[in-house]
Amino acid sequence: EDQVTQSPEALRLQEGESSSLNCSYTVSGLRGLFWYRQDPGKGPEFLFTLYSAGEEKEKERLKATLTKKESFLHITAPKPEDSATYLCAVQALSQTSYDKVIFGPGTSLSVIP
Amino acid sequence: DVKVTQSSRYLVKRTGEKVFLECVQDMDHENMFWYRQDPGLGLRLIYFSYDVKMKEKGDIPEGYSVSREKKERFSLILESASTNQTSMYLCASSLYRGSYNEQFFGPGTRLTVL
């Protein structure tokens, strides 16, 4: 069964303390992996798309990497405004007319000043 | 920038009422989606549409229907609202059917059914 998991469930960092969030996936065939940021009470905001193992994308303090079984979202020197829930989603090959997109449960990040 | 708008941010309805949630996207995207998001359950797909007048069931379609009469507009209908449909409803759109592209989300509608 196609599955996406994220760890940790919650992460609390001091401002400037770098860390990584993990997204592990089990799918029959990977079309693409997406990272989103979601602030409380709002819709997810798109961050990155990764298509193949070894690919990396960067945006400000965030860097996403992809292997054959997992993706990492590295946060370098985080600031309080980086506090949010980070969602990972995988677009998987499907037998139906549309490739299924499976969302992970998210990691809630809190950055303390 | 892609903009996805939803008709209401907050909505309170009574059990048994018919509820309409509307979503509009302004970037000529082919695909549109309706999700609900609940604590501990994450995002779950209700319905999606890859063309006008086309619709496909997602993972949890029971109790819901959808309508897509125009490319930019996708409506979610709760035929007879129930308390277990209290949730955050999110609409999303993406560019092409069958390609690997990200979804863009609206701000969400927080629906409470009393």
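Residues numbered from 1 in each chain as written. Chains lettered and ligands numbered in written order. Predicted model: local features only at pLDDT ≥ 70, side-chain atom pairs only at ≥ 80, totals over all residues. Heavy atoms only, no water.

Sorry, what's going on with the sheet that holds strand E7 (residues 64-70) of chain B here?
Backbone hydrogen bonds hold the strands of a sheet together, and the pairing may be parallel or antiparallel. Residues and elements named next belong to chain B. If you walk across this open sheet you meet the four strands as E1-E3-E8-E7, and the pairing is antiparallel. Looking at which strands have only one partner, the edges of the open sheet turn out to be strand E1 (4-6) and E7. Averaged over neighbouring strand pairs, the angle between their axes works out to 20 degrees when direction is ignored. Note: strand E3 (residues 19-25) against strand E8 (residues 73-78), six bridges, orientation antiparallel. Opposite Phe 20, over in E8, you have Ile 77 as the bridge partner. (Pairing = 2+ DSSP bridges. Helix = DSSP H or I, 4+ residues; strand = E, 2+ residues; numbered from the N terminus. Axes fitted to C-alpha atoms, helices over the stretch in contact; angles between N-to-C directions.)

Please clarify how the packing of aromatic side chains should be interpreted in this entry.
All names here are of chain A. Under the defined criterion, the tally for this structure stands at 10 aromatic pairs over all chains. Considering the side-chain rings of Tyr 36 and Phe 103, the 5.7 Å spacing of their centres and the 40 degrees angle between planes classify their relative orientation as tilted. Taken as a pair, Tyr 36 in strand E4 (residues 30-38) and Phe 103 in strand E10 (residues 100-103) lie far apart in primary sequence, 67 residues in all. Phe 103 matches Tyr 36 in its accessibility class, with the two residues each being buried. (Phe/Tyr/Trp six-rings, centres within 6.5 Å; stacked < 30°, edge-to-face > 60°. Buried < 20%, exposed > 50% of the residue type's maximum accessible area, 1.4 Å probe, protein only.)

How should I be thinking about the interface of chain B and chain A in this particular structure?
The figure often quoted for interface size is the accessible area lost as the parts come together. Between chain B and chain A, the residue contacts involve 24 residues of the former and 19 residues of the latter. For the chain B and chain A pair, buried surface summed over both sides reaches about 1,700 Å², with 54% attributable to carbon and sulfur atoms. Counting across the interface, chain B meets chain A through zero salt bridges. The interface formed by chain B and chain A contains five residue pairs in polar contact (both at pLDDT 80 or more). Among the elements of the structure, strand E4 (31-38), strand E5 (42-49), strand E9 (87-94) and strand E10 (104-105) of chain B are those that each provide at least two residues to the side of chain B that touches chain A. The residue inventory of the side of chain B that touches chain A, partitioned by class, reads 11 nonpolar, eight polar and five charged. (Contact = heavy atoms within 4.5 Å. Buried area = accessible area lost by both parts, 1.4 Å probe. Salt bridge = Lys/Arg side-chain N within 4 Å of Asp/Glu carboxyl O. Polar contact = N/O pair within 3.5 Å; in protein donor to acceptor, adjacent residues only side chain to side chain. Nonpolar A, V, L, I, M, F, W, Y, C, P; charged D, E, K, R; others polar.)

Looking at this structure, how should I read the state of the cysteines?
Counted under the stated rule, the structure contains two disulfides over all chains. Here Cys 23 of chain A pairs with Cys 88 of chain A through a disulfide, and the sulfurs are 1.9 Å apart. Taking the sign of the torsion about the S-S bond as the criterion, the disulfide between Cys 23 of chain A and Cys 88 of chain A, at about -55 degrees, is left-handed. Highlighted residues: Cys 23 of chain A in strand E3 (residues 19-26) and Cys 88 of chain A in strand E9 (residues 84-92), separated in sequence by 65 residues. Taking the relative accessible area as the measure of exposure, Cys 23 of chain A reaches 0% and is therefore buried. Given the relative accessible area of 0%, Cys 88 of chain A is considered buried. Across the disulfide, Cys 23 of chain B is cross-linked to Cys 91 of chain B (sulfur-sulfur distance 1.9 Å). The sign of the -75 degrees torsion about the S-S bond sets the Cys 23 of chain B-Cys 91 of chain B disulfide as left-handed. (Disulfide = S-S within 2.5 Å.)

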